[in-house]
Amino acid sequence: MPETSCPANSFRCEGGELCIPETWRCDRDDDCNDGINGTVSSDERDCKYGCHSDQFQCDNQDCIPAVWRCDGHPDCLDKSDETHQCSTRQCENHEFRCNNTGQCIPLNWLCDGENDCGDKEASDEHPERGCGFENFYSIR
């Protein structure tokens, strides 16, 4: 069967019979449907996926919100957001590091009456942080 001639700004799928818009290439969607035995479709092969600056890139290349990293709950399918590195992780100057998970949360979440760290001692609401006792005892 002869190969299809694709218009400009198109990608020809490996079989040569299907053309898709170039913008569909590397979009994490299997548009060509030409993967064999579980391999990725030709429009998703050799792609370099990146995450936005407010996201964490999992080892499997998925992207999750950065605040989900080291929150004590695996959000990446490969669990790469909850590794031993969480216990020694450094947070940015505008962030607070939660005690038991290593999660980094925005400083303006401190003493807001919500246990954003999700830890038993409510480390982001604790009186040692300068939070009022009424907030600490109401969230426990």
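Reading guide: rules and limits
- Residues numbered from 1 in each chain as written.
- Predicted model: local features only at pLDDT ≥ 70, side-chain atom pairs only at ≥ 80, totals over all residues.
- Heavy atoms only, no water.
- Salt bridge = Lys/Arg side-chain N within 4 Å of Asp/Glu carboxyl O.
- Helix = DSSP H or I, 4+ residues; strand = E, 2+ residues; numbered from the N terminus.
- Buried < 20%, exposed > 50% of the residue type's maximum accessible area, 1.4 Å probe, protein only.
- Lys, Arg positive; Asp, Glu negative; His and termini not counted.
- Polar contact = N/O pair within 3.5 Å; in protein donor to acceptor, adjacent residues only side chain to side chain.
- Contact = heavy atoms within 4.5 Å.

Looking now at the pattern of salt bridges. Enumeration according to the criterion identifies two salt bridges in this entry. Between R45 and E14 there is a salt bridge, with its nearest N and O atoms 2.5 Å apart. Here R45 is found in the loop between β2 (19–21) and β3 (55–57), whereas its partner E14 is found in the loop between β1 (10–12) and β2, with 31 residues between them in sequence. A relative accessible area of 49% means that E14 is categorised as partly exposed. Here D62 makes a salt bridge to R28, at a shortest N to O gap of 3.6 Å. Here D62, found in the loop between β3 and β4 (63–65), pairs with R28, found in the loop between β2 and β3; they are 34 residues apart in sequence, far enough to count as distant.

This paragraph deals with unusual backbone geometry. With a phi close to 60 degrees, D46 is a non-glycine residue in the positive phi region. With respect to the secondary-structure elements, D46 resides in the loop between β2 and β3. Its identity as a non-glycine residue notwithstanding, C111 has a phi of 55 degrees, on the positive side. When you line up the elements, C111 lands in the loop between β6 (104–106) and α1 (133–139). Assessed through its relative accessible area of 28%, C111 is described here as partly exposed.

With that out of the way, let us pick up the side chain of D43. One can find D43 in the loop between β2 and β3. Here D43 sits buried without a salt bridge, and the closest side chain of opposite charge, R25, lies 6.7 Å off (N-O distance). In this structure the side chain of D43 is engaged in a polar contact, spanning 3.1 Å, whose partner is the backbone nitrogen of C32. A polar side-chain atom of D43 sits 2.8 Å from a polar atom in the side chain of S41. Aside from chain neighbours lying at most four places away, what touches D43 is F11, I20, W24, R25, C26, D27, D29, D30, D31 and C32.

Everything listed here is a matter of geometry and, on its own, says nothing about what the molecule does.
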